[in-house]
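Chain by chain, the residues:
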Amino acid sequence: MKTKVLNGAANVGLFLAHALELENEAAERYEELADSMEAHNNPEVAKLFRDLAGYSRKHAAEVKQVAAEHGPVPKVAPWEFQWDSTTESPEAASFEHAHYLMKPHHALKMALLSETQGNKYYASVAAETKDPEVARLAREFAEEEAEHVALVRKWLERYPLPKEGWDDDPDPPNISD
Ligand code: ZN
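Keep in mind that this is a model prediction, so the values were computed, not measured.

(A) Geometry of the packing of helix H2 (residues 43-70) against helix H3 (residues 104-128). Viewed as axis vectors pointing N to C, H2 and H3 meet at an angle of 15°, and their least axial separation amounts to 11 Å. Relative to H3, H2 is oriented roughly parallel. When you trace H2 past H3, the crossing you get is left-handed. For the pair formed by H2 and H3, the contact residues are Val45, Leu48, Phe49 and Leu52 on the first element and Pro104, Ala107, Leu108, Ala111 and Glu115 on the second. The residue inventory of the contact of H2 with H3, partitioned by class, reads 8 nonpolar, no polar and 1 charged.

This is the structure in structure tokens:
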């Protein structure tokens, strides 16, 4: 069976609508991760996530600028967004399994997955589209995501996998009230 054609590859407007959704979702999730790292007294990793959120916001702003030159971004209903394999945007899907005791390593792993999926999404649009302008933009965006992947990988060297037992909580949260 052939995989369905990505509607984000159809034309510049639809591509930009997808890119905007992807970047906004990613920024939101990164803000959440930053909040969580701050709550767990890890300002260093919190700052990294604020930076990644900032990149996504900047990217979203760029998308809006390109859109201003190409005419308005079409309105796409949430269920009409078409990513590779999930209904959630590729950069957001990976944050579902956040654990309240997660360590920087785990948070960085989520970021890695998110950036990798973002990169793959843009690359697959670039490969699939018949529109040269969509191909050019998608390649450019894929490259930016590849830079983020490299950045997160560098951070992962600093935060290797923690020892077993990282999720043992001596004082578990009270969920009875
Ligand atoms: Zn990114």
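(B) Examining the environment of Glu25 more closely. One can find Glu25 in helix H1 (residues 12-39). Residue class for Glu25 comes out buried when judged on its relative accessible area of 17%. Distance from Glu25 to Ser56, taken between C-alpha atoms, is 8.7 Å for residues 31 residues apart in sequence.

(C) Inspection of the pattern of salt bridges at higher detail. In total, this model carries 8 salt bridges according to the counting rule given. One salt bridge in this structure joins Glu25 and Arg29, with 3.5 Å as the shortest N-O distance. Linking Glu25 with Arg29, this pair stays in helix H1, spanning 4 residues, or about one helical turn. Across the pair Arg50 and Glu31 runs a salt bridge whose closest N-O atoms are separated by 2.6 Å. Taken as a pair, Arg50 in helix H2 and Glu31 in helix H1 lie far apart in primary sequence, 19 residues in all. With relative accessibility at 29%, the residue Arg50 sits in the partly exposed group. A cluster of three or more residues bridged by salt bridges with shared partners is formed by Glu31, Asp35, Glu38 and Arg50.

(D) Geometry of the packing of H1 against helix H4 (residues 132-158). It is the contact of H1 with H4, at a shortest axis distance of 9 Å, that shows an interaxial angle of 20°. The orientation of H1 relative to H4 falls into the category roughly parallel. Handedness of the crossing formed by H1 with H4: left-handed. Judged by residue contacts, Val12, Phe15, Leu16, Ala19 and Glu23 of H1 engage Glu133, Val134, Leu137, Ala138, Phe141 and Glu145 from H4.

Cut-offs used in this document
Every chain begins its residue count from 1, and numbering advances along the sequence as written. Note on the predicted model: pLDDT of at least 70 is required for a residue's local features to be given, and 80 or more for side-chain atom pairs to be given and counted; whole-chain, interface and lining totals, by contrast, use all residues. To obtain the side-chain values, all non-hydrogen atoms of the structure were used and water was disregarded. Here the axes come from fitting lines to C-alpha atoms, over the contacting stretch only for helices, and the angles between their N-to-C directions go from 0 to 180 degrees. The helix and strand labels rest on DSSP assignments: H or I over at least four residues marks a helix, E over at least two residues marks a strand, and numbering proceeds from the N terminus. Should an angle fall under 35 degrees it is called roughly parallel, over 145 degrees roughly antiparallel, and 65 to 115 degrees roughly perpendicular, with every other angle called oblique. A crossing counts as left-handed when the near helix is turned anticlockwise from the far one by less than a right angle, and as right-handed when that turn is clockwise. In this description, contact between two residues means that some pair of their heavy atoms is separated by no more than 4.5 Å. Here the nonpolar group is Ala, Val, Leu, Ile, Met, Phe, Trp, Tyr, Cys and Pro; Asp, Glu, Lys and Arg are the charged ones; every other residue, Gly included, is treated as polar. Summary of the burial criterion: residues with accessible area below 20% of their type's maximum are buried, those above 50% are exposed, and those between are partly exposed, where the area comes from a 1.4 Å probe applied to protein chains only. A pairing counts as a salt bridge when a side-chain nitrogen of Lys or Arg comes within 4 Å of a carboxyl oxygen of Asp or Glu.

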